[in-house]
Amino acid sequence: MSEEGQMSTKNTDKDSFAVQGKLALPYTYFAGRVGSKFLTTIRDQKKIMGTKCPTCGKVYLPPRQVCQKDFTDIRNNWVDVGSSGTVVNFTVVRYEDRHLARKPPYVIAMIKLDGADTPMAHILDGLKPEDVKKGMRVEAVFAEKTTTTILDIDHFKPEAERAKTGWRPKAARKPYVPEPESGIEDKRRGGKPDMSKPVIICAALAGAATMKNQTPAVPYTPSEFAEDAYKCWKAGAAMVHVHAREDNGMPTHDHERIRTTHDAIKQRCPELIVNLSSAVGMGKTAEQRISQIVAVKPEMASLNTNTMNFSLLDRKSGKIFIDFVFENTFTMLQDFGKAMEENGVKPEIEVYDMGGLDNTMLIAKQGFFTNPMNFNFVWGVAGGQAFRVETFVALMNALPAKANFTTCGVGLDQFPAIMQSGILGGHMRVGLEDNIRMPDGELAKGSWEQVEVAVHAAECLGRGVATPDEARAIMGIHKR
Amino acid sequence: MAHGKKNRNVGIIGIGQTRHSSHREDVNQPEMIHEAIAAALKDAGLTMKDVDCIVHGNMELFEMIHQPDLWHTLGTGAGGKDTFRLTTGGTVGITLACASDNLVASGMYDIVMAIGFEKLQEGHTTGGITNMADPLWFRNLQTGALTGSKAYDLIYEFGEERAKKVSMTYRIIMDKHAGLNPNAHRSFGLDFAQADDLIKNSPKLVGDLKLIEMCSQSDGACAVIFACEKRAKELSKKPVWVRDHITVHREEVFNIFGYDDKYPAAQTQRFAAENLYTRNGITKPLEYFDVFEMYDPASWWGVDWFRDFMLLKGDEAVKLVEDHEIMIGGKMPVNPSGGVIASNPIGATALLRMAEAALQVRGDAGAHQIPKPVKHALASGFGGTMWTVLMMLEKELNWQEA
Ligand SMILES: [Zn+2]
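In this convention, every chain numbers its residues from 1, walking through the sequence in written order. Here the convention is simple: chains get letters from A, ligands get numbers from 1, in the order in which they are written. Local features are withheld for residues below a pLDDT of 70 in this predicted model, meaning they are given only at 70 or higher, and side-chain atom pairs are given and counted only at 80 or more; totals for whole chains, interfaces and linings count all residues. Excluding hydrogens and water, the side-chain values take into account all heavy atoms of the structure.

1. Quick look at the overall build of chain B
Definition in use: Helical segments are the DSSP runs of H or I of at least four residues, strand segments are the runs of E of at least two, and each set is numbered from the N terminus. Only protein chains enter the area calculation, which uses a 1.4 Å probe; residues under 20% of their type maximum are buried, those over 50% are exposed, and those in between are partly exposed. Any pair of residues with heavy atoms lying within 4.5 Å of one another is described as a contacting pair. Here, Shrake-Rupley sampling with a 1.4 Å probe gives the accessible areas, and only protein chains in the shown set may cover a residue.
The helix and strand tally for chain B stands at 15 helices and 11 strands. Across the 402 residues in chain B, those meeting the buried criterion constitute 64%. Within chain B, residue pairs in contact and separated by at least 24 positions form 79% of the contacts whose partners lie at least 6 positions apart. Split by element, the accessible area of chain B, about 14500 Å² in all, is 52% carbon and sulfur.

And the structure:
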């Protein structure tokens, strides 16, 4: 204890003195292991963690060593919580005092972070006090300079629009009404793109190759698929593209597993279009690939158009990791296409290069494809074409009348490809099957986060986002 | 909650308090305490020799002195006697009463004196309160003892106009009561006609909590003497019996601004009331009790906690306030003394609630005595992070027969 300032006496009352003094009290507080981990994780990883009670299931934030309810020792049971949350309650500090954290007026809010059961207090900034509401969404802003205190979360601010999950974009536009007589050729007169249709956003949730060691957000189980699909729908997707997986992540052709996965998605989100893969995964036979489609009868399924290399190469050195030939003979193109059309499954025709498109148009002469045909331009597969703007335009110009097109790009090609598609009047596919990252290089929290990017792009173009029913109308899909 | 039966009955036989004011520069701490002690001994007709044990309490750190019980020996008369120092935050005053009751009921001592005091002018209240905050999570964000979310909650529940009006009505009632209590620190002579003006013009502290609605910072002390049934009957014409008390503590600082419906922590006010009444067979506290001295740090809390302590629902409590039924002469008089908003020497504050309730039972409250006979009184303490202590007082020893 140190003593500062001068002792003095002051005559404050007729005959009574008050002794004036001042004490400065430095202190040290030991954070403990639980508190230390909480603070250093925020400091070093900009990540907020709580402790979860296995007995009652409560997630405590800030973390505690024992559960308040049942006294269970929870010190080692760490869980991640989000850095966004909801305002549970708040107060506005209006009086001024030296000890206060900010100059008044400022807001202190009780914020319950996503995944936590207890709210924590922090400063809420970036809005006027009169605009704070219970229930509003906020996100943490981490301090630029660490002090290894709770102020390594500098403050919370209203959640940015981009991260506003859980709400489909508002349809402030007229519903799309199809014009059956007009094809793309009529609409693109004079080289102008037809941007009259809202953008159909498809989320490719998993693919056959994206594994949890690359991103924990990739779904394996039916319930994970269902939850992920629901989030994508909430974010603005009209369709999800699905390769079913076993619990260990291996792609499967097992009818029961595929049906369970398909049905779980439909049950969680009945409105959504489910598009199943007829590629399934490496090394599957033609029979394994098509019989599951016929058995489950999704509203849409992928149809592959040429035999090609479909390999895994190091993009920097060109070194081959896995070499694989993806077999799609004319016979398969014909048989798969027929099986789909006969079973009311709309084919999504996968175009890995111009040859695939030409192959399709040759087989199409048999006349079993129903209009409109729906093409997906795929970019960046090791064995297919890389994304180029001229190639995109060439593919589009080679399409038959009335056809629709969407696009997907592997890795870095994902976002540029959907941008170009958007500008040319086409549609967009995103998702962890094609790319596990966001435009800024961060891991995507889920396919839904990439859907948000697509939504933003579509809205920037003034096209709006198609509802699943609008997507059906555009693509000629019959709802099941 | 397991709760044993009392070993023997305990009666309150002496009550003393100082006048409460913002500045008691005419006395130092032991001298101020001595005023309350002398008054309590005089009230009981005892001398210091008759007292077996002293239980001493205040807010730790508020006066910036260590071991105040030793500093105060001259004032308390504890020299050569068994002494305990308790400090439980805002509840400490009534915790002193609970401890004294337990010490006498156990048979350990026949006569125990509780002494609670505070000279808030001498210390730094916000400094003390800030020390309560967990340095890891909350100290950087503390706003002192002020919280505004209860105002927000009531506005959210009852609408802005009604909520603000009922809070101010409660405040004016407390001011009117304080005007009748010569020991009260603050009484402005407010009238109901001023409500709208005060709502508009009183400076806001935190949220919609206004300066006029917040409790004072006071200097003052209170002393109460407890005796076993045998001694109480010998020494006092009208002992007031301590029937039962309950203390509910809870984690944690973060909840101080409010709580989530789904959050596992219960509100301590209602939790304490429900448990205390259940084990005493009381189903309608509003009918049973004749008077209630409530620890009300601000008028917003007063309105809301009155609902909890009386086990009322919806706007029943709001209506009682609006209809002035909490005034002296109303259905359930709350704080005839003026309550905490009028006087708040913190370490004494919760003991004053019990002392004032006991004076009402005795019929000795003077100008603020309620007009109907008081058989059953309730007193509450509040502190820490929403801790609650509730104590029931009785005029007769007849409840055990039932
Ligand atoms: Zn638990």
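This is not the end of the story, as more comes after the structure.
2. Looking at empty space enclosed by the protein
All names here are of chain A. The test is simple: With a 1 Å grid laid over protein atoms only, a set of points is called a cavity when a 1.4 Å probe fits there but cannot get out and a pocket when it is open yet has protein on both sides within 12 Å along at least five of seven lines; lining residues have an atom within 4 Å of a point. Grid points are joined across faces, edges and corners, and a volume is the space filled by probe spheres set on the points. Lys, Arg, Asp and Glu make up the charged group, whereas Ala, Val, Leu, Ile, Met, Phe, Trp, Tyr, Cys and Pro make up the nonpolar group; the residues left over, Gly among them, are polar.
Considering all chains together, one arrives at 9 cavities of 30 Å³ or more under this definition. Looking at the second largest cavity, its volume works out to about 90 Å³. In terms of lining residues, the second largest cavity is bounded by 13 residues, among which E348, F375, T406, H427 and M475 are the most central. When residues of the lining of the second largest cavity are traced back to their parent elements, those giving at least two are β22 (374-379) and β23 (404-409). With 3 residues, β23 is the largest single contributor of residues to the lining of the second largest cavity. Its residues placed into classes, the lining of the second largest cavity shows 8 nonpolar, 4 polar and 1 charged.

3. Digging into helix α10 (residues 447-460) of chain A
Residue and element names in this part refer to chain A. For clarity, the cut-off: The span expected for a helix works out to 1.5 Å for each residue beyond the first.
The end-to-end C-alpha distance of α10 is 20 Å, a good match for the 20 Å that 14 residues give at a rise of 1.5 Å each. Among all positions in α10, only S447, W448, E449, Q450, V451, E452, V453, A454, V455, A457 and A458 are buried. At its buried positions, α10 is contacted by β13 (201-204), α3 (222-235), α9 (414-423) and β24 (428-430). Looking one or two places after α10, you find G462, whose phi comes out positive at around 75°.

4. Details of the side chain of S311 of chain A
Residue and element names in this part refer to chain A. Selection rule: Any pair of N or O atoms that falls within 3.5 Å is considered a polar contact. Within protein, one atom must be able to donate a hydrogen and the other to accept it, and sequence-neighbouring residues count only if both atoms are side-chain atoms.
Tracing the chain through its elements places S311 in the loop between β17 (308-309) and β18 (312-313). A polar contact is formed between the side chain of S311 and the backbone nitrogen of F324, at a distance of 3.2 Å. When sequence neighbours within four positions are dropped, the list of residues in contact with S311 reads I322, D323, F324 and A382.

5. Examining the sheet that holds strand β7 (residues 78-81) of chain A
All names here are of chain A. Put simply, the test is: Pairing between two strands is assigned when DSSP locates at least 2 bridges connecting them. To obtain an axis, a line is fitted to C-alpha atoms, over the contacting stretch when the element is a helix, and the angle between two such axes runs from 0 to 180 degrees between their N-to-C directions.
If you walk across this open sheet you meet the 3 strands as β6-β5-β7, and the pairing is antiparallel. Edge positions in the open sheet fall to β6 (59-60) and β7, since each of these has one partner strand only. Where strand β5 (residues 48-52) meets β7, 4 bridges bridge the pair, whose relative direction is antiparallel. The partner of M49 across the bridge, within β7, is D80. Relative to the sheet, helix α1 (residues 32-45) contacts β5 and β7, its axis offset from that of β5 by approximately 150°.

6. Focus: the pattern of salt bridges
The condition is simple: Salt bridges are defined by distance alone: a side-chain nitrogen of Lys or Arg within 4 Å of a carboxyl oxygen of Asp or Glu.
As enumerated under the stated definition, the model contains 49 salt bridges over all chains in all. The partner of R137 of chain A in a salt bridge is E159 of chain A, and the shortest N-O contact between them spans 3.2 Å. You can see R137 of chain A sitting in strand β11 (residues 137-142) and its partner E159 of chain A sitting in the loop between β12 (153-158) and α2 (184-187), a full 22 residues away along the chain. Classification of R137 of chain A as partly exposed rests on a relative accessible area of 30%. Overall, the relative accessible area of 13% leaves E159 of chain A in the buried class. Between K164 of chain B and E160 of chain B there is a salt bridge, and its shortest N-O distance comes to 2.6 Å. In this pair, K164 of chain B and E160 of chain B are both assigned in helix α7 (residues 160-178), 4 residues apart and thus about one turn of the helix distant.

7. A look at the coordination of the zinc ion
Residue and element names in this part refer to chain A. Threshold: Each metal site is built from N, O and S donor atoms within 2.8 Å (3.2 Å for Na, K and Ca), and since water is not included, such sites may look incomplete.
For the zinc ion, every protein donor is listed as C53 (SG), C56 (SG), C67 (SG), D70 (OD) and D70 (OD), and the spread of their distances is 2.2 to 2.6 Å. Since its relative accessible area comes to 27%, C56 is described here as partly exposed. Residue classification places D70 among the partly exposed positions, given a relative accessible area of 29%.

8. Some thoughts on the interface of chain A and chain B
This is how it is decided: Buried area: the accessible surface (1.4 Å probe) lost by two parts on joining, summed over both.
Each partner contributes residues to the interface: chain A has 43 residues there, and chain B has 40 residues. Around 3500 Å² of area is buried between chain A and chain B when both sides are counted, 63% of it from carbon and sulfur atoms. Counting across the chain A and chain B interface gives 1 salt bridge. Its salt-bridge partner being D153 of chain B, residue K134 of chain A comes within 3.0 Å of it at the nearest N-O pair. For the interface between chain A and chain B, the tally reads 8 residue pairs in polar contact (both at pLDDT 80 or more). For the side of chain A that touches chain B, the elements supplying multiple residues, two or more each, are β2 (8-13), α1, β8 (84-93), β9 (106-113) and β10 (120-124) of chain A.

9. Considerations on the pairing of strand β10 (residues 376-383) of chain B
If a strand is regular, its side chains alternate between the two faces of the sheet. Residues and elements named next belong to chain B. Buried residues dominate β10, accounting for 8 of its 8 residues. The two faces of β10 match: H376, L378, S380 and F382 on one face and A377, A379, G381 and G383 on the other face are all buried. Pairing of strand β9 (residues 291-293) with β10, which is carried by 3 bridges, proceeds in the parallel orientation. Residue pairing in the sheet places E293 in a bridge with A379 of β10. For β10 and strand β11 (residues 387-394), the ladder comprises 8 bridges, and the chain directions are antiparallel. Bridging from a neighbouring strand, A379 pairs with M391 of β11. Hairpin connection from β10 to β11: 3 residues lie between these consecutive antiparallel strands, with G384 at a positive phi of about 50°.

10. Comments concerning the environment of L320 of chain B
Locating L320 of chain B in the fold gives a position in helix α13 (residues 316-322). Discounting chain neighbours no more than four positions away, the residues touching L320 of chain B are L286, F306, L312, E325, I326 and K331 of chain B.

11. Regarding the environment of G50 of chain A
Within the fold, G50 of chain A resides in strand β5. Apart from residues lying up to four places away in sequence, G50 of chain A is in contact with Y60, L61, P63, N77, W78, V79 and V81 of chain A.

12. Notes on the nonpolar core
Defined as follows: Remark: nonpolar core denotes a set of buried residues (Ala, Val, Leu, Ile, Met, Phe, Trp, Tyr, Cys) joined through side-chain atoms within 4.5 Å.
Of all hydrophobic cores here, the largest spans 140 residues; its most connected members are I48 of chain A together with I12, F226, F306, M354 and L393 of chain B. With 11 residues, helix α15 (residues 346-362) of chain B is the largest single contributor of residues to this core. Once you skip the residues sitting within four places of it in the chain, L393 of chain B turns out to touch I12, V240, W241, V242, M354, A357, A358, K375, H376 and A377 of chain B. Grouped together as the second largest cluster of nonpolar side chains are 69 residues, A203, I293, F392 and I418 of chain A included.

13. Observations regarding the packing of aromatic side chains
Basically, it comes down to this: Only rings of Phe, Tyr and Trp enter the pairing, Trp through its six-membered ring, and a pair is recorded when the two centres are within 6.5 Å. The plane angle decides the type: under 30 degrees is stacked, over 60 is edge-to-face, the rest tilted. Note on geometry: a ring has a charge over it if NZ (lysine) or CZ (arginine) is within 6 Å of the ring centre and within 35 degrees of the ring normal.
Taken as a whole and assessed by the stated rule, the structure comprises 19 aromatic pairs over all chains. Both rings, one in F326 of chain A and one in Y352 of chain A, keep their centres 6.5 Å apart while their planes meet at 85°; by these two values the pair is edge-to-face. Note that F326 of chain A is positioned in strand β20 (residues 325-326) and Y352 of chain A in the loop between β21 (346-351) and α7 (354-364), a separation of 26 residues in sequence. By relative accessible area, Y352 of chain A is classed as buried at 8%. Aromatic side chains Y288 of chain B and F289 of chain B sit 5.1 Å apart centroid to centroid with 90° between the ring planes, which places their arrangement in the edge-to-face category. Taken together through their ring pairs, the aromatic side chains of F377, W379, F387, F392 and F405 of chain A make up a single cluster. Here K134 of chain A stacks its cationic end above the ring of Y156 of chain B, 4.5 Å away from the centre of that ring.

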